[in-house]
Amino acid sequence: MKKISLTGIKPTGILHIGNYFGAIKPALELTKEYDARYFIADYHALNTVKDPVELTAHIRQVAAGWLASGLDPEKVIFYRQSSIPETFELTTFLMAFTAKGLMNRAHAYKAAVQENAEKGDDPDAGINMGLFTYPVLMAADILLFDSDVVPVGQDQSQHVEMAQDIAQAVNFNYKAELLRVPEVSIRENVAVVPGLDGRKMSKSYGNAIPLFAPEKELRKLIMRIVTNSQGVEEPKEPESSQVYLLYKLFATAEEQAALANRYRAGGMGWGEAKEELFRVANRELTPLRQRFEELLANPAGLDTILAQGAEKARPIAARTVNRLRKAAGLG
Ligand code: ADP
Ligand code: TRP
């Protein structure tokens, strides 16, 4: 029996290069060795996206994004979170085993409280229960499908650790291995993809390069990457340059070594380094962009793929929920 890999992406905006290297690509890599269950976390997105047209568009974009990046729906169970009602029953179940204090320590919630404090607002301003209980819903996503590994970026590792804590609390109470305790899987060398300004690439920082940006826009954004004021002739340290860090994601080992040598030798300006980055990025992204456009042009086709995935997922989810109901005296 193969082990199980599971991950979700929240459809809250367009996918960017950070999502691709930090989440999608490592997850697809794992499908060679693992049975994979990958989904679109649309109820997680509802916490922030309240416009129905926008939410539907984001869901389809993320679905097309996974497929264009190479997800094979024949091999991977690929579905929308909202198509699995068992998720919500498990969430309620897990609530009873989740310490409120654990939720108080969740990074996303703490950051929102702190932001309010800095503005002098009420600590709870703008915070809905969906944000507060976010890690419980995520634990349900994970624990429902007997996940062994959860490939995510560094920022999500705390949530997976919370899922471990919650699973252990359930197992401890019923003195049985009812829920499989998952491991987090992070690809160290691509753990954080830098954005145009050098901070973590994120749609909330306005520093992202969209994964499916048209060629012209891709080039324009790459030219906007912030660099230091070193002149053309000066030798440059590759590892401290965003341009090089992004280049490494797209380039072969030989290309990486060659560009690093040119940096150190001096005589290459930032403009030239950026042209080189654009060349390798566009080389990898052009076929993806074409598939993405084709998939998006057929929304009914996307919806069918997701519905077929949900049909495969639901019996697995139902088994987990039934096991817990029985163990808890609810069966
Ligand atoms: P954003 O920060 O743009 O809102 P999300 O939080 O929706 O991105 O992230 C979706 C997935 O992509 C998560 O698994 C997250 O860890 C990963 N991810 C997002 N940004 C990056 C990044 N800059 N580097 C690596 N992984 C990232
Ligand atoms: N919280 C994740 C994010 O913001 C998305 C997500 C929801 C997820 N449920 C999950 C990731 C379960 C892994 C496993 O990126």
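Going along each chain's sequence as written, the residues are numbered from 1 onward. As they are written, the chains are lettered A onward and the ligands numbered 1 onward, keeping that order. Totals for whole chains, interfaces and linings use every residue, but because this is a predicted model, local features are given only for residues with pLDDT of at least 70 and side-chain atom pairs only at 80 or more, for both listing and counting. Side-chain measures here rest on the full set of heavy atoms in the structure, leaving out hydrogens and waters.

## Some thoughts on the site of ligand 1
Short version of the rule: The criterion for a residue being near a molecule or strand is simple. One of its heavy atoms has to lie within 4 Å of it. Whenever a nitrogen or oxygen atom comes within 3.5 Å of another N or O atom, the pair is scored as a polar contact, on the condition that within protein one atom can donate a hydrogen and the other can accept it, and that pairs from neighbouring residues in sequence are kept only if both atoms are in side chains. Here the accessible surface of atoms and residues is derived via Shrake-Rupley with a 1.4 Å probe, and residues count as covered only by protein chains that are part of the display. Any residue that is not Ala, Val, Leu, Ile, Met, Phe, Trp, Tyr, Cys, Pro, Asp, Glu, Lys or Arg is counted as polar, Gly included; the first ten are nonpolar and the last four charged.
Near ligand 1 there are 15 residues, and of these His16, Asp155, Val193, Met201 and Lys203 occur at the shortest range. With respect to ligand 1, the side chain of asparagine 19 contributes an N or O atom lying 3.1 Å from an oxygen atom. Protein contact buries 92% of the 540 Å² of open area that ligand 1 shows by itself. Residue composition of the shell around ligand 1, grouped by class: 5 nonpolar, 7 polar and 3 charged.

## Digging into the packing of helix α4 (residues 86–95) against helix α8 (residues 134–144)
Quick reminder of the rule: For every element, the axis is a line fit to its C-alpha atoms; helices are fit only across the contacting stretch, and the angle between N-to-C directions ranges from 0 to 180 degrees. Here a strand is any run of E in DSSP of at least two residues, a helix any run of H or I of at least four, and the numbering for each starts at the N terminus. In this scheme the handedness of a crossing depends on how the near helix is turned from the far one: anticlockwise by less than a right angle means left-handed, clockwise means right-handed. Any pair of residues with heavy atoms lying within 4.5 Å of one another is described as a contacting pair.
Close contact between α4 and α8 brings their axes to 8 Å; oriented N to C, the two are set at 115°. Crossing of α4 over α8 shows right-handed handedness. Where α4 approaches α8, its residues Glu86, Thr87, Phe88, Leu90, Thr91, Leu94 and Met95 are matched on the opposing element by Val136, Leu137, Ala139, Ala140, Asp141, Leu143 and Leu144. Classifying every residue of the contact of α4 with α8 gives 10 nonpolar, 2 polar and 2 charged.

## Considering helix α11 (residues 242–250)
Filter applied, for reference: Between buried and exposed lies partly exposed: a residue is buried under 20% and exposed over 50% of the maximum accessible area for its type, with that area taken using a 1.4 Å probe on protein chains only.
Burial within α11 is extensive, with 7 of its 9 residues counted as buried. For α11, the complete set of buried residues consists of Gln242, Val243, Tyr244, Leu246, Tyr247, Leu249 and Phe250. In this structure, the buried side of α11 is in contact with α1 (17–30), α12 (253–265) and α13 (270–296).

## Quick word on the site of ligand 2
Around ligand 2 sit 14 residues, and of these His44, Tyr134, Met138, Asp141 and Gln156 come closest. For ligand 2, a nitrogen atom lies 2.7 Å from a polar atom in the side chain of aspartate 141. A distance of 2.9 Å separates a nitrogen atom of ligand 2 from a polar side-chain atom of glutamine 156. In isolation ligand 2 exposes 360 Å². Once the protein is present, 91% of that is buried. When contributions to the shell around ligand 2 are tallied by element, the ones reaching two or more residues are β1 (4–9) and α8. With 4 residues, α8 is the single largest residue contributor to the shell around ligand 2. For the shell around ligand 2, the per-class residue count stands at 8 nonpolar, 4 polar and 2 charged.

## Overview of the packing of α1 against α13
Applicable threshold: Note that the term roughly parallel is reserved for angles under 35 degrees, roughly antiparallel for angles over 145, roughly perpendicular for angles of 65 to 115, and oblique for everything else.
Where α1 meets α13, the axes come as close as 13 Å, and the angle between the chain directions of the two elements is 80°. Of the possible angle classes, the one that applies to α1 and α13 is roughly perpendicular. Where α1 abuts α13, its residues Ile17, Tyr20, Phe21 and Lys25 lie against Glu284, Leu285 and Leu288. Here the contact of α1 with α13 is built from residues that sort into 5 nonpolar, no polar and 2 charged.

Such coordinate-based values are descriptive only and should not be taken to indicate function.
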